[in-house]
Amino acid sequence: MNKIENSFLNKTQFGEDFLWGVSTAAFQIEGAHDVDGKGSSIWDVFTSQKGKIKNGHNALTACDFYNSYQTDIDLIRELNIPNFRFSISWPRIMPTGIHPVNQAGIDYYNKIIDSLLASGIEPWITLYHWDLPHELELKGGWTSRESVTWFSEYVEVCAQYFGDRVKNWIVINEPSVFTGAGYFLGIHAPGKKGITNYLKAMHHVTLATAAGAKILRNRIPQANIGTTFSCTHIEPATDNPKDLEAAKRVDTLLNRTFIEPILGLGYPQKDLPVLKKLNNYILKDDLNNLAFDFDFIGLQCYTREVVKSSILTPYIGAELISAEKRNVISTEMGWEVYPPALYHVLKKFNEYKNIKKIIITENGAAFADTVTNGKVFDIKRTHFIQDNLEQILKAKNEGLNVEGYFVWSLTDNFEWAEGYNARFGLIHVDFETQKRTIKNSGLWFKDFLS
């Protein structure tokens, strides 16, 4: 008997109120990139540029969720998944990023929300999952302080039109990733580089996170309001003091820089001196305006990184030793399969005493999946989910704060710079025909949730 059949896990071990769900993002699934008045996003522009995305893939159609949302919502219900996290495309709602509002965009998300509720599925809206309107990027995007105002206006619109039915809100998705990859390294949209772009974007995104949350609190007093951070368990390569220091700097950058100001602790400048350059952009009331008392914090954890000191890396003085170099089992993304990372991350974030509730809002793995006789035997993914749930259970049994788990992702989708090469879904998508096939992992999750 293999582990899948006899996993000791069952839903009741996690408690009555534990939240179970699945996550997606608009740009990665919707397609319909210019339909019904939708404006262009920075990712529409970035993916149209040669050499930016593996195999020259684009998301013009993606999973065609724009047209096939009802099919996918039916599949969520079939899999017994009670909570669905999806994002709203800002340029679908406000094509230029600011007023006027595109009614067709509002109507589309109203249909999704109403369909979810009619199916007994709770909607969880992410307001910003990386698809900034291109028109705003032309005005400086997140490097412009105006971005806080633009974002606030957009949040007002979403709260006005959807707040009567949606009670769970996530303000911004993984700020460290889209600012780092998009404004420092230039490997994600909008493709900007340099420390100045990065620091400005970092500060404005953090201000916008708190500003957006305050608008939700004001507009929808009963709302359950959170925001999400990507987290990685960091370990030093050796016990050498230089490696220990390097690991501390990387941990500060990846795990602390964005959450600490939100929690009212300010930026961790002492442990990462380059952050002192932020003082050039911090105005009089900013530090007070960075903090917000969130109802929950979403953590998104996929792997661990092993770090060594390196004088060649500017600002951070550290380099990651890849899973390949360490000769460990890894996913299609080259990420090490290391379930204890989730436990360590939960332990770490439980040290912040003012986090009310922690939810794992993304966790999953990309493996090469094939459909054989109408079935997808993705044993590795099923084991990955089981192993990560065991780590959550361990944390929970030790009394750590963790109150939900959302799998990334519902369907295979457009995986940013990786294009369609990295499949994370519980449901396989044939991108030629748009045919959906529930994978073994989806069937296991369905049984687990029944």
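Since the structure is predicted, the reported quantities are computational estimates derived from the model, not experimental observations. (Residues numbered from 1 in each chain as written. Predicted model: local features only at pLDDT ≥ 70, side-chain atom pairs only at ≥ 80, totals over all residues. Heavy atoms only, no water.)

Let us now look at the UniProt feature "active site" (unreviewed entry) in the chain. UniProt's entry tags Glu 174 and Glu 362 with the feature "active site" (unreviewed entry), counted in the numbering of this structure. These residues run over 189 residues, yet every pair of their C-alpha atoms falls within 10.3 Å of each other. Here Glu 174 is to be found in the loop between strand E4 (168-172) and helix H9 (175-184). Those residues within four positions of Glu 174 in sequence are excluded, and the remaining contacts are Trp 130, Thr 228, Phe 229, Ser 230, Gln 300 and Glu 362. Position of Glu 362 relative to the elements: it lies in strand E8 (residues 358-362). Classification of Glu 362 as buried rests on a relative accessible area of 4%. Setting aside residues no more than four positions away along its own chain, Glu 362 makes contact with Ser 23, Arg 85, His 129, Asn 173, Glu 174, Leu 299, Gln 300, Cys 301, Tyr 302, Phe 406 and Trp 408. Here Arg 85 takes part through its side chain, which lies 3.1 Å from a polar atom of the side chain of Glu 362. (UniProt positions renumbered as here; feature names shortened; annotations may be inferred. Helix = DSSP H or I, 4+ residues; strand = E, 2+ residues; numbered from the N terminus. Contact = heavy atoms within 4.5 Å. Buried < 20%, exposed > 50% of the residue type's maximum accessible area, 1.4 Å probe, protein only. Polar contact = N/O pair within 3.5 Å; in protein donor to acceptor, adjacent residues only side chain to side chain.)

On to the packing of aromatic side chains. Applying the stated criterion to the full structure yields 42 aromatic pairs. Judged by centre distance (5.9 Å) and plane angle (10°), the ring pair of Phe 27 and Trp 416 falls under stacked. A residue pair is termed long-range when its members are at least 10 positions apart, and Phe 27 in helix H2 (residues 26-29) and Trp 416 in the loop between strand E9 (404-408) and strand E10 (427-430) qualify at 389 residues. Across the pair, exposure class does not vary: Phe 27 and Trp 416 are buried alike. With a centroid separation of 5.1 Å and an interplanar angle of 65°, the aromatic rings of Tyr 128 and Phe 178 are classed as edge-to-face. Separated by 50 residues along the polypeptide, Tyr 128 in strand E3 (residues 122-128) and Phe 178 in helix H9 bring together distant segments of the chain. (Phe/Tyr/Trp six-rings, centres within 6.5 Å; stacked < 30°, edge-to-face > 60°.)

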